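As a plain string of letters, each chain reads:
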Amino acid sequence: MFYAVLSWGPQLSVAAGVIVPEHGARSFGLINAALGAGTVVGGLLAIRYKPERPLAAGAVAMLAYPLYPLGIVLGLPVWVLAAAQVVVGAGIGVWGVMWATSVQTQVPGEMLNRIHAYEVAGSVGMYPIGSALAGPAVGAFGTDRVLLTGVVVSFPTATALLAARPIRTLRRVPDHR
């Protein structure tokens, strides 16, 4: 929830507020297309890659997130930001597949809907709150601080996932053929 509110939620609108005035809407569109391409690539790779500990692998993939907001703060060129977004998207794609596969193969069917509802409410549902708070946060603290907060929060989030024994040690359910 903290990740969604403090990192992912504000990123789109804050990034737009920096990139569009400096580089134009076309560049911002290219950077977001790069995120989409990376997500597709990461998802496809994750379908083929079957790590023994899928949630741990997904948590490691989430460590890619800070590349893009950090690149914005550092004033990197558009092509570098686009490349960063490909890597970020790949990390998101890998995490998404590892999470969804783990939930679907590890949670008993009678509990699956409830678990999914809690997950969506706790993570995806918090994204709009982060987006809504982005403008006031930038007004109060500045663009760089808001983006750097997202960078900083992303590390303990991935670390907490890796530190949680049930996540770190959860093994993949073997394929049934």
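Computed from a prediction, not measured in an experiment: that's the story for all the values here.

1. Looking at the overall build of the protein chain
Counting its regular elements, the protein chain contains nine helices and zero strands. Taking 16 Å as the expected radius of gyration for a compact globule of 177 residues, we find that the protein chain reaches 17 Å, a close match to that expectation. Based on the C-alpha atoms only, the size of the protein chain along its principal axes is roughly 55 × 30 × 25 Å. In the protein chain, which comprises 177 residues, the proportion classed as buried is 37%. In the protein chain, of all internal contacts separated by at least 6 residues, the share reaching a separation of at least 24 is 83%. Summed over its atoms, the accessible surface of the protein chain is roughly 9800 Å², and 70% of this surface lies on carbon and sulfur atoms. Side-chain charges in the protein chain split into 11 positive and 6 negative, and the spacing between the mean points of these groups amounts to 8 Å.

2. A look at the nonpolar core
Counting 24 residues, the largest nonpolar core has Ala 15, Ile 19, Ile 31, Tyr 68, Ile 72 and Leu 81 as the members making the most contacts within it. For Tyr 68, the residues in contact, after removing those within four places along its chain, are Gln 11, Ala 15, Ile 19, Phe 28, Ile 31, Leu 81, Ala 84, Gln 85 and Val 88.

3. What about the packing of helix α2 (residues 25-48) against helix α5 (residues 78-106)?
Between α2 and α5, the shortest axis-to-axis distance is 6 Å and the interhelical angle comes to 35°. The two elements α2 and α5 cross, and the hand of that crossing is right-handed.

4. Regarding the confidence of the model for the protein chain
Taken as a whole, the protein chain shows an average pLDDT of 92; of its residues, 99% reach a score of 70 or greater. The spread of mean pLDDT over the elements of the protein chain runs between helix α6 (residues 109-122), the lowest at 85, and α2, the highest at 97.

5. Thoughts on the environment of Glu 52
With respect to the helices, strands and loops of the structure, Glu 52 is situated in the loop between α2 and α3 (54-61). The exposure class assigned to Glu 52 is partly exposed, which follows from its relative accessible area of 39%. The spatial distance from the C-alpha of Glu 52 to the C-alpha of Val 173 is 8.6 Å, given a sequence separation of 121 residues. Apart from the residues lying within four places of it in its own chain, the contact partners of Glu 52 are Leu 170, Arg 171 and Arg 172. Polar contacts involving the side chain of Glu 52 include one to the side chain of Arg 171, which spans 3.2 Å.

6. Details of helix α8 (residues 143-163)
Relative to the 30 Å expected for 21 residues at 1.5 Å per residue, α8 spans 31 Å between its end C-alpha atoms, a close match to the ideal helical length. Residues Val 146, Leu 147, Gly 150, Val 151, Val 153, Ser 154 and Ala 158 constitute the buried set of α8.

7. Details of α3
Because an α-helix completes one turn every 3.6 residues, residues spaced three or four positions apart along the sequence face the same direction. When you tally the buried positions in α3, you get seven out of eight residues, the bulk of the element. Every buried residue of α3 is listed here: Pro 54, Leu 55, Ala 56, Ala 57, Gly 58, Ala 59 and Ala 61.

8. Side note on the packing of aromatic side chains
Scanning the model with the defined rule gives three aromatic pairs in all. A centroid spacing of 5.8 Å and a plane angle of 25° characterise the contact between Trp 95 and Trp 99, whose relative ring orientation is stacked. In this pair, Trp 95 and Trp 99 both sit in helix α5, four residues apart, roughly one turn of the helix. A residue is classified by how much of its surface remains accessible, and Trp 99, at 28% relative accessible area, is partly exposed. A network of ring pairs unites the aromatic residues Tyr 3, Trp 8 and Tyr 65 as a single cluster.

Cut-offs applied
- Residues numbered from 1 in each chain as written.
- Predicted model: local features only at pLDDT ≥ 70, side-chain atom pairs only at ≥ 80, totals over all residues.
- Heavy atoms only, no water.
- Helix = DSSP H or I, 4+ residues; strand = E, 2+ residues; numbered from the N terminus.
- Rg over C-alpha atoms; globule rule 2.2 N^0.38 Å.
- Buried < 20%, exposed > 50% of the residue type's maximum accessible area, 1.4 Å probe, protein only.
- Contact = heavy atoms within 4.5 Å.
- Areas by Shrake-Rupley, 256 points an atom, 1.4 Å probe, with all protein chains shown as cover.
- Lys, Arg positive; Asp, Glu negative; His and termini not counted.
- Charge placed at Lys NZ, Arg CZ, Asp CG, Glu CD.
- Core = buried A, V, L, I, M, F, W, Y, C linked by side-chain atoms within 4.5 Å.
- Axes fitted to C-alpha atoms, helices over the stretch in contact; angles between N-to-C directions.
- Left-handed = near helix turned anticlockwise from the far one by under 90°.
- pLDDT = per-residue confidence, 0-100.
- Polar contact = N/O pair within 3.5 Å; in protein donor to acceptor, adjacent residues only side chain to side chain.
- Expected span 1.5 Å × (residues − 1).
- Phe/Tyr/Trp six-rings, centres within 6.5 Å; stacked < 30°, edge-to-face > 60°.

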